[in-house]
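# Descriptive structure summary
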Amino acid sequence: TFGFGTFAHYVVNFDPFAFRFPESWGFTAIQGVRWYGLAYLAGFLIAMYLMNLYTKAGRSPLSRDQNSSLITYLLLGVILGGRLGYMLFYDFADFCANPLIFFKVWNGGMASHGGFIGVAVAVAAFSKINKTPFLKIADIIASVAAPGIFLGRIANFINGELWGKISDVKWAMIFPASAPGLPISEIPPRHPSQLYEAVAEGLLIFIILQWRFWRGKTKDGQIAGEFFIIYAAARIFCEIFREPDRGVSLIKICNTELSRGTFFSLFCILAGAIFIAAGRLNQERRP
């Protein structure tokens, strides 16, 4: 159950499963369909809808069939990249000890930065096979990616994971998983950092990039570059309120300790600058 605790702080204790499989079905490992999985599915469906809308409006060089094919590439890129990124960035020791845990996706564990790398590889492969401009396709994907991020963060909130730092702000919430075994009355409230990230990394970026995409012509690579830079800025800001993952050490640079999310976001800023520069260089080379 869930509700307001004795200190008027909301207790986040949702069931992570949208529905569970009956025990008679024998799916003891998977157990059921999680909200997290549905968030991924909804994110891809929204992306597919927007890509078809772009095609219909003449804003995309892709056909509807190519959109379907590209979604398949992206699905593989997100899952493989996100999972491998989590193993390498956040759970490297366990991964080295037992590489087969990579396939236990039902236990959770996806890294957004790894997903970005997987998507970049998927877009590069699609562009090469279908002989379509990489930067233009990257812009399209960047403009439709944010709803999936938004829904993913909402799923993190429902799961009661990736909670924020302890806080006394009025909207702080109690996450039972942050202090297992303690009664609700003794668990300190925390920032609902998942909701901050949902708004900043998802909703805000979606509004900005949709406006940028539809308002007029931009250089190829510009929107993709802006996505990486804005996402990095939003993520770094939200990391201020987010509790570092348990068992994951901070990274020390110039006597400053950075969370893994902040550290890897610095590379997103670099990637964004490269996309923008590549687009401008590509335009200058055109006759």
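One can find the structure itself at the top, above this paragraph.
These lines cover the structure that appears in this document, whether it is placed above or below. Because the structure is a prediction, the values reported are computed rather than measured. (Residues numbered from 1 in each chain as written. Predicted model: local features only at pLDDT ≥ 70, side-chain atom pairs only at ≥ 80, totals over all residues. Heavy atoms only, no water.)

### Some details on the overall build of the protein chain
When helices and strands are counted, the protein chain shows nine helices and seven strands. In terms of overall size, the protein chain behaves like a compact globule, its C-alpha atoms giving a radius of gyration of 20 Å where 287 residues would be expected to give roughly 19 Å. For the C-alpha atoms alone, the extent of the protein chain along its principal axes is close to 70 × 55 × 40 Å. Residues classed as buried in the protein chain amount to 44% of the 287 residues present. Relative to all contacts within the protein chain whose residues are 6 or more apart in sequence, the contacts with residues 24 or more apart total 66%. In the protein chain, the 26 positive side-chain charges and the 18 negative ones have mean positions that sit 10 Å from each other. (Helix = DSSP H or I, 4+ residues; strand = E, 2+ residues; numbered from the N terminus. Rg over C-alpha atoms; globule rule 2.2 N^0.38 Å. Buried < 20%, exposed > 50% of the residue type's maximum accessible area, 1.4 Å probe, protein only. Contact = heavy atoms within 4.5 Å. Lys, Arg positive; Asp, Glu negative; His and termini not counted. Charge placed at Lys NZ, Arg CZ, Asp CG, Glu CD.)

### As for the nonpolar core
Ranked by size, the top nonpolar core spans 35 residues in total, and within it L70, L74, I141 and F227 carry the most contacts. Those elements that provide at least two residues to this core are helix 1 (35–56), helix 2 (64–89), helix 4 (112–130), helix 5 (134–144), helix 6 (146–159), helix 7 (193–215), helix 8 (222–239) and helix 9 (260–285). The leading source of residues in this core is helix 5, at seven residues. Beyond its immediate chain neighbours, meaning those up to four positions away, L70 contacts M51, L62, F126, I137 and I141. (Core = buried A, V, L, I, M, F, W, Y, C linked by side-chain atoms within 4.5 Å.)

### Some details on the packing of aromatic side chains
Evaluation of the coordinates by the stated rule reveals 19 aromatic pairs. Each ring, one from F157 and one from F175, has its centre 6.3 Å from the other, and the planes form 85 degrees; the classification is edge-to-face. On the criterion of sequence distance, the pair formed by F157 in helix 6 and F175 in the loop between strand 5 (173–174) and helix 7 is long-range, its members being 18 residues apart. An angle of 20 degrees between the planes, with centres 6.1 Å apart, marks the rings of F227 and Y231 as stacked. Residue F227 and its partner Y231 are both found in helix 8; the two are separated by four residues, about one turn of the helix. Under the relative-accessibility criterion, F227 is labelled buried at 4%. (Phe/Tyr/Trp six-rings, centres within 6.5 Å; stacked < 30°, edge-to-face > 60°.)

### What to know about helix 8
Taking 1.5 Å per residue, 18 residues should reach 26 Å; helix 8 reaches 26 Å between its end C-alpha atoms and fits that length. Of all 18 residues in helix 8, 13 are buried, a share of seventy percent or more. (Expected span 1.5 Å × (residues − 1).)

### Re a nonpolar patch on the surface
Among the surface-exposed residues, I229, L266, F267, I269, L270 and I274 lie close enough to one another that they form a single nonpolar patch of about 520 Å² accessible area. Within the fold, I229 resides in helix 8. (Patch = residues over 30% accessible without salt bridge, like charges linked within 9 Å, V, L, I, M, F, W, Y side chains within 5 Å. Areas by Shrake-Rupley, 256 points an atom, 1.4 Å probe, with all protein chains shown as cover. Salt bridge = Lys/Arg side-chain N within 4 Å of Asp/Glu carboxyl O.)

### Describing the environment of S259
The residue S259 is located in the loop between strand 7 (256–258) and helix 9 in this model. Between the C-alpha atoms of S259 and I236, which are 23 residues apart in sequence, the distance is 9.1 Å. Apart from residues no more than four positions distant in its own chain, S259 is found in contact with E239 and L250. A polar contact is formed between the side chain of S259 and the side chain of E239, at a distance of 2.6 Å. Within the local environment of S259, its side chain forms a polar contact with the side chain of T262, the two groups lying 3.1 Å apart. (Polar contact = N/O pair within 3.5 Å; in protein donor to acceptor, adjacent residues only side chain to side chain.)

### Some words on the pattern of salt bridges
Oppositely charged side chains may form a pair once their charged atoms are brought near each other. Tallied over the entire structure, the rule returns ten salt bridges. The shortest N-O distance in the salt bridge between R20 and D15 comes to 3.1 Å. Residue classification places R20 among the partly exposed residues on the basis of a relative accessible area of 46%. Ionic pairing is found between R212 and E226, a salt bridge with its closest N-O pair at 2.7 Å. Of this pair, R212 sits in helix 7 while E226 sits in helix 8, placing them 14 residues apart in sequence. In terms of burial, R212 and E226 fall into one category: buried.

### Things to note about the environment of W35
Note on placement: W35 falls in helix 1. Overall, the relative accessible area of 38% leaves W35 in the partly exposed class. Sequence-wise, W35 and D15 are 20 residues apart; in three dimensions their C-alpha atoms are separated by 8.8 Å. Leave out the neighbours within four places in its chain, and W35 touches D15, P16, F17, A18, A155 and I158.

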